[in-house]
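Structural overview
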Amino acid sequence: MILSDYVAAVLLLVGVFFFLAGTVGLVRFPDVYTRLHALTKSDNVGLGFVVMGLAVEAESWFVVGKLLLIWMLVLLAGASVAHLIARGATQRGVRMWTD
Amino acid sequence: MDRLTLVLWIFDSVTGLGLLLLAGWALASPQLFRGIILFVAFSLMMSIAWVRIDAPDVALAEIAIGAGLTGALLLAALSRLGDSEPTQESMNRPIERSYRARTFRSLTASLLAAVAVALVFLILALPGDSEGLGAEVAASLDASGVSSPVTAVLLNFRGYDTLLELLVLLLALLGVWSLGGLPAQPVSPAVLVLDTLARILIPVLLLSSAYLLWAGTHAPGGAFQAGAVLGAAGVLLSLAGWQVRQRYTGVTLRLLLIAGPSLFLAFALYTIVAGQSLLEYPPQRAGVMIVLLEVAATLSIGTTLAALFVAEGPRNKEGQ
């Protein structure tokens, strides 16, 4: 393995950690709002690290561009859909969790 | 067994088991909403399985039509069913079924079990080391007019199948319309975020659709995938509250719907009149004919899928 392989591996592992944390949050958190909070972190940041890890190993700048484009589309869709779900929940009177 | 084989073996086992579990859960779920979400998850996993066995064309179709549009159609249907979801109380009550219902259920179950057993026997009876038709397709690829073997099969060698698929899709929409369509969804107040998202994504979707269509001649892609993305654009527009002007929902809409099937039929007639067999394109013109067919089919598939989602009668239609 050369240096870039190690860098890619570390970035991918950090990404996987965010996905794992997001999944744990989705399963363990008490209401829809907190679950969305956990989920969007893993989608946005976790995928960001995975994309960076893959970009380090990419064959060409063209591939890097494609990867970044995918990340940006997921950012856009993820943030908007999370907002729409939370909005729908509020309108249906889903209460926020209080301790 | 070396390390990579082991990893792939674990991956395949997880995917296979996950597919079975998701399918079982989706079918057994008493709540329809949960069932739909599980079905979408099943579709996503299925497309991963297709990618794993090097079938990106099928994976694209599965993700666009199976997970995306079918999921949207099912959710739209659910929202029109009203409050028929079982409550906690009704779910705990034991279900009483009539004698007839029980007989019907056991008959269906035995029929399905028989089909499953027959399928298993058929699969076991298949020759394990068969080459398939891949070599034959590759040998006659030059005469097909395109360089992607999948497109060559779909639109040239087995064009007949694709023609019938297009007609089935059209028939489904006619079925919905002949029921008088469905009442219009109550127009919800415009959501700024959804509207902005639609404004950003629609050009991207149109571009992807055009790319998939263009790529279809030499790489994974093609009319069905491009049409599904186009249909998704229509669904998104309809969700964001956009409506098509009344004057486009008459002849224009109908022309778009039948563009693919009728061009297909025209080519079929042309090939018969020209003295060849049905849909046997002359090799020197096959490329152009396939591209024309794909463009028309994409438009028709996209319009049909969006119209299915909107599901209103033709006179009062929004969407695409």
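Residues numbered from 1 in each chain as written. Chains lettered and ligands numbered in written order. Predicted model: local features only at pLDDT ≥ 70, side-chain atom pairs only at ≥ 80, totals over all residues. Heavy atoms only, no water.

**Focus on unusual backbone geometry**
Negative phi characterises most residues that are not glycine, and trans characterises most peptide bonds. Positive phi values are uncommon outside glycine, yet Asp54(B) reaches one of about 60°. We classify Asp54(B) as exposed; its relative accessible area is 68%. (Buried < 20%, exposed > 50% of the residue type's maximum accessible area, 1.4 Å probe, protein only.)

**Quick look at the domain arrangement of chain B**
All names here are of chain B. When the domains of chain B are assigned, the result is domain 1 (1-83) and domain 2 (147-320). One C-alpha centre belongs to domain 1, the other to domain 2, and the line joining them spans 24 Å. Of the residues lining the interface, twelve residues belong to domain 1; the matching set on domain 2 comes to 17 residues. The junction of domain 1 with domain 2 conceals about 1200 Å² of combined surface from both sides, 71% of it contributed by carbon and sulfur atoms. Sorting the residues of domain 1 by area buried against domain 2 places Asp57, Leu69 and Arg80 first, and these three jointly supply 50% of that buried surface. Remark: the boundary between domain 1 and domain 2 carries zero salt bridges. Our count for the contact surface shared by domain 1 and domain 2 stands at one residue pair in polar contact (both at pLDDT 80 or more). By residue class, the composition of the side of domain 1 that touches domain 2 is nine nonpolar, one polar and two charged. (Domains from an automatic or database assignment. Contact = heavy atoms within 4.5 Å. Buried area = accessible area lost by both parts, 1.4 Å probe. Salt bridge = Lys/Arg side-chain N within 4 Å of Asp/Glu carboxyl O. Polar contact = N/O pair within 3.5 Å; in protein donor to acceptor, adjacent residues only side chain to side chain. Nonpolar A, V, L, I, M, F, W, Y, C, P; charged D, E, K, R; others polar.)

**Some words on the pattern of salt bridges**
Residues and elements named next belong to chain B. A full pass over the atoms with the stated rule returns two salt bridges over all chains. Residue Asp195 pairs with Arg199 through a salt bridge whose shortest N-O separation is 2.9 Å. Taken together, the positions of Asp195 and Arg199, both in helix α9 (residues 192-215) and four residues apart, correspond to about one turn of that helix. Exposure remark for Asp195: the relative accessible area of 15% places this residue in the buried category. (Helix = DSSP H or I, 4+ residues; strand = E, 2+ residues; numbered from the N terminus.)

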